[in-house]
Number of protein chains: 4
Amino acid sequence: PILSSLGDYAAAARQAMTPVAAAYFMGGAGDEVTLAQNRAAYDRYALVPRILTGMTGGSTRLSLLGRELTHPILLAPVAYQRMAHPHGESGTATAAAALEALMVLSCQASEPMEDVARAGTTCRWFQIYMQPTRDATLTLVRRAEAAGYEAIVVTVDAPISGVRNREMRVGYELPDGIAPVNLQGLPPPPPLPEGGNAVFDHFMANAPGWADIEWLRRQTGLHLILKGVLHPDDARRAVSAGADALIVSNHGGRVLDTSVPTLVQLPAVVDAVQGAVPVLMDGGITRGTDIIKARALGATAVLIGRPIVEALSVRGAQGVAHILRLLRDELEIAMALCGCSSLDMIGPELLHEM
Amino acid sequence: PILSSLGDYAAAARQAMTPVAAAYFMGGAGDEVTLAQNRAAYDRYALVPRILTGMTGGSTRLSLLGRELTHPILLAPVAYQRMAHPHGESGTATAAAALEALMVLSCQASEPMEDVARAGTTCRWFQIYMQPTRDATLTLVRRAEAAGYEAIVVTVDAPISGVRNREMRVGYELPDGIAPVNLQGLPPPPPLPEGGNAVFDHFMANAPGWADIEWLRRQTGLHLILKGVLHPDDARRAVSAGADALIVSNHGGRVLDTSVPTLVQLPAVVDAVQGAVPVLMDGGITRGTDIIKARALGATAVLIGRPIVEALSVRGAQGVAHILRLLRDELEIAMALCGCSSLDMIGPELLHEM
Amino acid sequence: PILSSLGDYAAAARQAMTPVAAAYFMGGAGDEVTLAQNRAAYDRYALVPRILTGMTGGSTRLSLLGRELTHPILLAPVAYQRMAHPHGESGTATAAAALEALMVLSCQASEPMEDVARAGTTCRWFQIYMQPTRDATLTLVRRAEAAGYEAIVVTVDAPISGVRNREMRVGYELPDGIAPVNLQGLPPPPPLPEGGNAVFDHFMANAPGWADIEWLRRQTGLHLILKGVLHPDDARRAVSAGADALIVSNHGGRVLDTSVPTLVQLPAVVDAVQGAVPVLMDGGITRGTDIIKARALGATAVLIGRPIVEALSVRGAQGVAHILRLLRDELEIAMALCGCSSLDMIGPELLHEM
Amino acid sequence: PILSSLGDYAAAARQAMTPVAAAYFMGGAGDEVTLAQNRAAYDRYALVPRILTGMTGGSTRLSLLGRELTHPILLAPVAYQRMAHPHGESGTATAAAALEALMVLSCQASEPMEDVARAGTTCRWFQIYMQPTRDATLTLVRRAEAAGYEAIVVTVDAPISGVRNREMRVGYELPDGIAPVNLQGLPPPPPLPEGGNAVFDHFMANAPGWADIEWLRRQTGLHLILKGVLHPDDARRAVSAGADALIVSNHGGRVLDTSVPTLVQLPAVVDAVQGAVPVLMDGGITRGTDIIKARALGATAVLIGRPIVEALSVRGAQGVAHILRLLRDELEIAMALCGCSSLDMIGPELLHEM
Ligand SMILES: Cc1cc2nc3c(=O)[nH]c(=O)nc-3n(C[C@H](O)[C@H](O)[C@H](O)COP(=O)(O)O)c2cc1C
Ligand SMILES: Cc1cc2nc3c(=O)[nH]c(=O)nc-3n(C[C@H](O)[C@H](O)[C@H](O)COP(=O)(O)O)c2cc1C
Ligand SMILES: Cc1cc2nc3c(=O)[nH]c(=O)nc-3n(C[C@H](O)[C@H](O)[C@H](O)COP(=O)(O)O)c2cc1C
Ligand SMILES: Cc1cc2nc3c(=O)[nH]c(=O)nc-3n(C[C@H](O)[C@H](O)[C@H](O)COP(=O)(O)O)c2cc1C
């Protein structure tokens, strides 16, 4: 079939993926309320287009943490991409480089971070979860530094696994040959202590705290980015702790179901940080107009998650390149129709709340 | 199939139950508007999770009427459980004890209250409807005292049967061998008086009034709990009448259809009693996040009704234990993600009204 | 099947009626937006039940225009009832009498008004449309007086036929043997004048004005009731013109589609007339709780339209009696659960707007 | 089937058209959110009908740019009508003349503008897009002047093609024999410049600016109308630039998806121009009541787009005449029921926001 939008790829992916892969890549936590609401939040805003405006010399350029980017569409960290397609993370990285999209590699990637960095020069940020020991965390950071990554994205919204019923129903487990290769050799989580509560005293005992972020800040010269910030107080504290940027995210609705949609929370976070650091966001982005709305509410740039692996599953690296092309074109067209020849011209006055 | 949530059990129960049992156990009054809205009320609130918080030593513990409970999930009184599964109320009680859940036994139980009390040590509260005569009421209370129950839950929201169209359509009646055994031997309701109106002068003439509650309060040293309070004025009066706790409930939408959803009314009741007694609530709880929302709006603990008999019908006592396990896990995970290491940390600032 | 609610009858009627009859009896104007919204308006209000209230001596009694009624459920004028069932209007009248329901006979009845009056002693009001000539109108009124009707209900919301697409699609026309027998012999509408506009100069030229109402008021000692009032200014003017009662109605959504739902407009009309005359209402009533809500917003009584002919089509007069029984029971039960032992106790404080 | 409303024609058109034609004529941009919301906007307003009002001498007449019109229903410019039916634009023009509807001919018509002008005397306005060169634009305007058109409608909301996924999915292209004949011989757009951005530096470089409008204003004595205005600031500027009328439009949701619905934006535009010029609107009109609502919110007249080609595809010119007849009848009936004997009596007090 002719695939003309990210939605078309999502529909095709439902066919292309095994049920188990679809449950993992496309599902969310619980009743998938947040998954749906993340997406629906964009439709609560309409755009008021402008007419007869000049556009020559326009572009989608921005600068982010010292880099000039061609456009504000980043690839979110998504684990185990070889389960979607043999091209895996390297394929995604190739596509990202071709479309000049900054890519964030997951620490749960199914390929070594060094290989992916080589495959695509725009794969510049490495995402980690704080490891059970600081040594283990540092091992990952040092490897990322050596491989040329420029930022460490610490994902803080998933200290414990969400309740992923869709995965449970299909008995999801990693297929043979797919593994978090970058984590191999690191120490396993400590055993369950006697008598304690599994959630509070075991899983969460390994969860990081602000002190760990501050410690990490001191260990590396790379940019430090916190991913999964939703509360304005946490945003403020992240800035104090030395974060160079924040990502407003609820992990695509994969951790806490009925979590507040990211677009809803974005303005409060933007307001809290007062411009001290760039605020990025992800969750439900599938259209160029979504990006305009996120920008209008204060986001510097956006990330896409599921669309990557959906496209990958349907057409490999070529699919990823295609959806990036589609999204870039949609963004440029929407900007032109809204009378904005640069991202900085996109403001809240474009929005009409429905 | 793999059953990973209370919703999965509900779906399976639709298969496991006979149509007649399903109409009784899963249906509601009228057009089932309240049944649906009880549930939908939770989704009108989103949660704002917190990050990087410490959790060690956390728990879901609370104390309620002098007892320390491991968690705030109670089993609501649900009649005729042997119609759902041969394990019946004893099975439920066993499961409740295993998962440390306080159970409320219905006076319309299909097994003798003494047997159920023995089967599960956490079956501590006995629910009654005020009987046509005070003597009959007292007979039930004395038996409950003797059997070791610690509280009498007086259900006040069903002085007359609701209009249960789903049951009528399938010609619902109690199957052979299932009976309200604890009520046997008590006097039947008086005959319809000459010339009066059936509803007002007959059924409702047997309905209890505040004086009956005050009388009952004087008869027993057990805790007295009113179940089915929705109006703040009634809540205040219940406290004056000597109630030790209230349960905000509309009987799971089984009595008055289009009755206000319980979560909607909860804050007004909490506000009215001003902390004088604990306020519990039930109606539509199927997720750990629902419990957080109820707590955030002032509930001390919650009860589940239909999930018990749905689980019972699918897997007997084991099913009931399983849903309690699921719900406890979901609650703990949600608390951890919201940065709450104790129930007391759950407040309204966690909620975002959608 | 077991029919346990008005909704059950509606479902059964869809089977029992011919497609043509169903289009006429169950359809509405245009896209049937008002038809749906009339009904949906009730669900926008929830009820807050009360507990432990006394009910002895309670009743649904009211007095209306000098008559004591057992309950506030009236039968709206519905044309051509013999098309629904051979029992026709006489059957409905018999059922109405048995259930003590005041019935309004349509001037487009398929049976002579004298026969229907004899068939059921509670068929007391006669509905007319103002006729092309005052003489013709007077002829109808005199016949009604002679037949013992106590009120003339002038329907003012349909001076021109609505756009009834559902009927057009099935090519609706009156079947052989069904006719507006009470109108036979009256002069036909005048022919289309040369050159004028069909709607404005022809159909509407025959439409009544306030002067006609004032004229009619002077012609008869019967109660005069205006049916189809929605605007508060019209309500005030109706009172000045001598109306003894008003019926807030949009003709069941059969005339102007997207007309405001009656329950929405009721409070403004009640407020406008300041208690000078009773305000009745119809549109979408199918549950006892709907009646409570209408009463809480100021209606003295309510009328049902489609439910009559739906029941008639399924079970003849017995069906009509049954739905009246169901509705009366539902109303009494709902009143009891709301702590109201009389209609006068039903007030706005029972409602919670959702 | 019996076709009794514009909606009936739309349903029939889905059968009558080829999939490719249906995608072009009935689709919208992106996810068709705006297409749906344009329509849904009308249902957010209910009408409050009036009773017992005089209507003699009433009409739907209005005057617009010096012409007396029988009614306020205009035919919007819709391209390539021969693809819908061999009758093409001439057929539409014949129907428009018969029903006294002012027609706007698209510059992308599939028939020569002179032929269409001859076929229907009410085809009085010619729509253009600003051409790549001013000479080309002038060529079109001069031909329109010569052919007797009285106004130039400049469509300004589509400087670049929208993202029309529905068309892409079916591989839409113009069938053999259908072409924009009025544009033949005009210079093609200039080639893509080296190194520039396709959207901003190529397509949009050809897009008109306010200076072009001001230039055009000086070139012709015809009325100048801007189509596609949504922002109040743009409306004000259009008036300053010499526009004689504005059309509030989002191109039927075919250009920027999630654009604000036209009815939502209408009041702000009306308010901005302060009566300086007439404000027309289009988007989603399918009912007489929609026209009343647009009028009540300040529109002088309305245009219909898709309904034309849907009717054309089903029954050729006769279909177009029929839907115009239906819409005129619906409008007159709705006015009569709202107590408005002229368009000027239609005001915001008729509306109730739902
Ligand atoms: C299949 C899948 C795997 C993911 N893996 C990671 C991960 O390893 N690390 C991480 O920080 N986020 C991960 N995420 C979250 C994404 O980075 C991102 O926050 C989310 O997908 C954005 O929402 P969207 O999918 O609606 O675009 C994952 C998301 C998906 C769908
Ligand atoms: C099948 C069934 C039987 C019930 N029986 C009783 C009962 O005997 N006594 C009582 O007080 N409540 C009874 N209830 C109401 C429950 O205690 C509880 O209030 C309600 O089920 C809570 O709503 P939920 O089912 O949505 O969790 C019953 C509920 C159900 C579904
Ligand atoms: C089939 C049908 C015929 C009707 N005929 C009349 C009539 O002859 N005169 C009249 O005043 N109202 C007539 N009505 C309107 C009803 O009196 C009443 O206003 C409406 O049905 C109330 O709404 P409901 O059907 O939702 O209860 C008719 C309604 C229906 C459904
Ligand atoms: C198939 C199609 C072709 C159109 N072509 C043109 C056009 O050539 N020029 C133009 O200004 N508008 C064009 N429009 C937009 C219409 O003029 C009008 O703004 C829109 O259709 C109104 O919305 P409606 O279709 O919901 O009535 C077109 C619309 C459709 C549906």
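Per chain, residue numbering runs from 1 following the sequence as it is written. Chains and ligands are labelled by the order in which they are written, letters from A for the one and numbers from 1 for the other. Only residues with pLDDT of at least 70 are given local features in this predicted model, and only at 80 or more are side-chain atom pairs given and counted; all residues enter the totals for whole chains, interfaces and linings. Side-chain figures throughout are based on the complete set of non-hydrogen atoms in the structure, without hydrogens or water.

Draft legend 1. Structural view of the site of ligand 3. All names here are of chain C. Each residue is tested against the molecule or strand, and it is near if at least one of its non-hydrogen atoms lies within 4 Å. Neighbouring ligand 3 are 23 residues, the closest being Pro-77, Ser-106, Thr-155, Asp-282 and Gly-284. Contact distances for ligand 3 include 3.3 Å between a nitrogen atom and a side-chain N or O atom of His-251. Between N or O atoms, a polar contact is any pair within 3.5 Å; within protein, one atom must be a potential hydrogen donor and the other a potential acceptor, and residues adjacent in sequence are included only when both atoms are from side chains. Measuring from an oxygen atom of ligand 3, one finds a side-chain N or O atom of Arg-306 at 2.9 Å. In this description a helix means any DSSP run of H or I spanning at least four residues, a strand means any run of E spanning at least two, and both kinds are numbered starting from the N terminus. Contributions of two or more residues to the shell around ligand 3 are made by α2 (19–26) and α13 (306–337). The residue makeup of the shell around ligand 3, split by class, is 9 nonpolar, 10 polar and 4 charged. Residues are grouped as follows: Ala, Val, Leu, Ile, Met, Phe, Trp, Tyr, Cys and Pro are nonpolar; Asp, Glu, Lys and Arg are charged; every other residue, Gly included, is polar.

Draft legend 2. Looking closely at the site of ligand 1. All names here are of chain A. Around ligand 1 there are 22 residues in total, and Pro-77, Ser-106, Thr-155, Asp-282 and Gly-284 lie nearest to it. In this structure, an oxygen atom belonging to ligand 1 sits 2.7 Å away from a side-chain N or O atom of Thr-155. A distance of 2.9 Å separates an oxygen atom of ligand 1 from a polar side-chain atom of Lys-227. About the coverage of ligand 1: the protein hides 97% of its 610 Å² of free accessible area. In terms of residue class, the shell around ligand 1 is built from 8 nonpolar, 10 polar and 4 charged. Each accessible area is a Shrake-Rupley result for a 1.4 Å probe, and residues are judged covered by the shown protein chains and nothing else.

Draft legend 3. Broad picture of the interface of chain A and chain D. Counting residues at the interface gives 35 residues for chain A and 40 residues for chain D. Taking both partners together, chain A and chain D bury about 3,100 Å²; carbon and sulfur atoms supply 63% of that area. The quantity reported as buried area is the accessible area (1.4 Å probe) lost by two parts once they are put together, taken as the sum for both. If you sort the residues of chain A by the area they bury against chain D, Ile-51, Leu-52 and Leu-337 of chain A come out on top, with a joint share of 24%. In what follows, salt bridge is the name for a side-chain nitrogen of Lys or Arg lying within 4 Å of a carboxyl oxygen of Asp or Glu. Summed over the shared surface of chain A and chain D, the number is 3 salt bridges. Taken together, the connections running from chain A to chain D amount to 11 residue pairs in polar contact (both at pLDDT 80 or more). If you list the elements that add at least two residues to the side of chain A that touches chain D, you get β1 (45–47), α12 (288–296) and α13 (306–337) of chain A. Here the residues of the side of chain A that touches chain D are counted per class, giving 17 nonpolar, 11 polar and 7 charged. Contacts are assigned to residue pairs that have any heavy atoms within 4.5 Å of one another.

Draft legend 4. Local environment of the packing of aromatic side chains. Pairing of aromatic rings covers Phe, Tyr and Trp, the last counted by its six-membered ring, and requires centre-to-centre distances within 6.5 Å; plane angles under 30 degrees mean stacked, over 60 mean edge-to-face, and any other angle means tilted. Applying the stated criterion across every chain yields a total of 16 aromatic pairs over all chains. Relative to Phe-25 of chain C, the ring of Tyr-24 of chain C has its centre 5.1 Å away and its plane inclined at 65°; by these criteria the two rings are edge-to-face. Considered together, Tyr-24 of chain C and Phe-25 of chain C belong to a single accessibility category, that of buried residues. Chaining the aromatic ring pairs together yields one cluster made of Tyr-24, Phe-25, Tyr-80 and Tyr-172 of chain A. Just above the ring of Tyr-24 of chain A sits the side chain of Arg-254 of chain A; from NZ or CZ to the centre is 4.9 Å. The buried label applies to any residue whose accessible area, calculated with a 1.4 Å probe on protein chains only, is under 20% of its type's maximum; exposed applies above 50%, and partly exposed to all values in between. Ring-over charges, as used throughout, are those where CZ of Arg or NZ of Lys falls within 6 Å of the ring centre and within 35 degrees of the ring normal.

Draft legend 5. Region of the structure containing the nonpolar core. Buried residues of nine kinds, namely Ala, Val, Leu, Ile, Met, Phe, Trp, Tyr and Cys, make up a nonpolar core once their side-chain atoms join them within 4.5 Å. The biggest cluster of nonpolar side chains holds 138 residues, and the ones touching the most others in it are Trp-125 and Leu-226 of chain B. When residues in this core are grouped by element, the largest group, 16 residues, is from helix α13 (residues 306–337) of chain B.

Draft legend 6. Here's a closer look at the arrangement of the chains. A gap remains between chain A and chain C, which never touch, and the nearest two C-alpha atoms on either side lie 19 Å apart. Contact between chain B and chain D is absent, and the minimum C-alpha spacing across the pair is 19 Å.

Draft legend 7. Broad picture of the packing of helix α1 (residues 6–16) of chain A against α13 of chain A. All names here are of chain A. Angles shown run from 0 to 180 degrees and are taken between the N-to-C directions of axes, each axis being a line fitted to C-alpha atoms and, for helices, limited to the stretch in contact. Orientation of α1 relative to α13, taken along the N-to-C sense of each, is 175°, at an axis distance of 10 Å. The angle between α1 and α13 places the two elements in the roughly antiparallel class. Contacts between α1 and α13 involve Leu-6, Tyr-9, Ala-10, Ala-12, Ala-13 and Ala-16 from the former and Pro-307, Glu-310, Ala-311, Ser-313, Val-314, Arg-315, Gly-319, His-322, Ile-323, Leu-326 and Leu-327 from the latter. Among the residues making up the contact of α1 with α13, the classes are represented as 12 nonpolar, 3 polar and 2 charged. Roughly parallel means an angle under 35 degrees; roughly antiparallel means over 145; roughly perpendicular covers 65 to 115; every other angle is labelled oblique.

Draft legend 8. How the structure looks around the pattern of salt bridges. In total, this model carries 80 salt bridges over all chains according to the counting rule given. Where Arg-134 of chain C meets Asp-212 of chain C, a salt bridge forms, and the shortest distance between an N and an O atom there is 3.0 Å. On the criterion of sequence distance, the pair formed by Arg-134 of chain C in helix α6 (residues 134–146) and Asp-212 of chain C in helix α9 (residues 210–219) is long-range, its members being 78 residues apart. Arg-134 of chain C sits in the partly exposed class, given a relative accessible area of 38%. Within this structure, Asp-31 of chain A together with Arg-287 and Glu-330 of chain B form a network of salt bridges that share partners.

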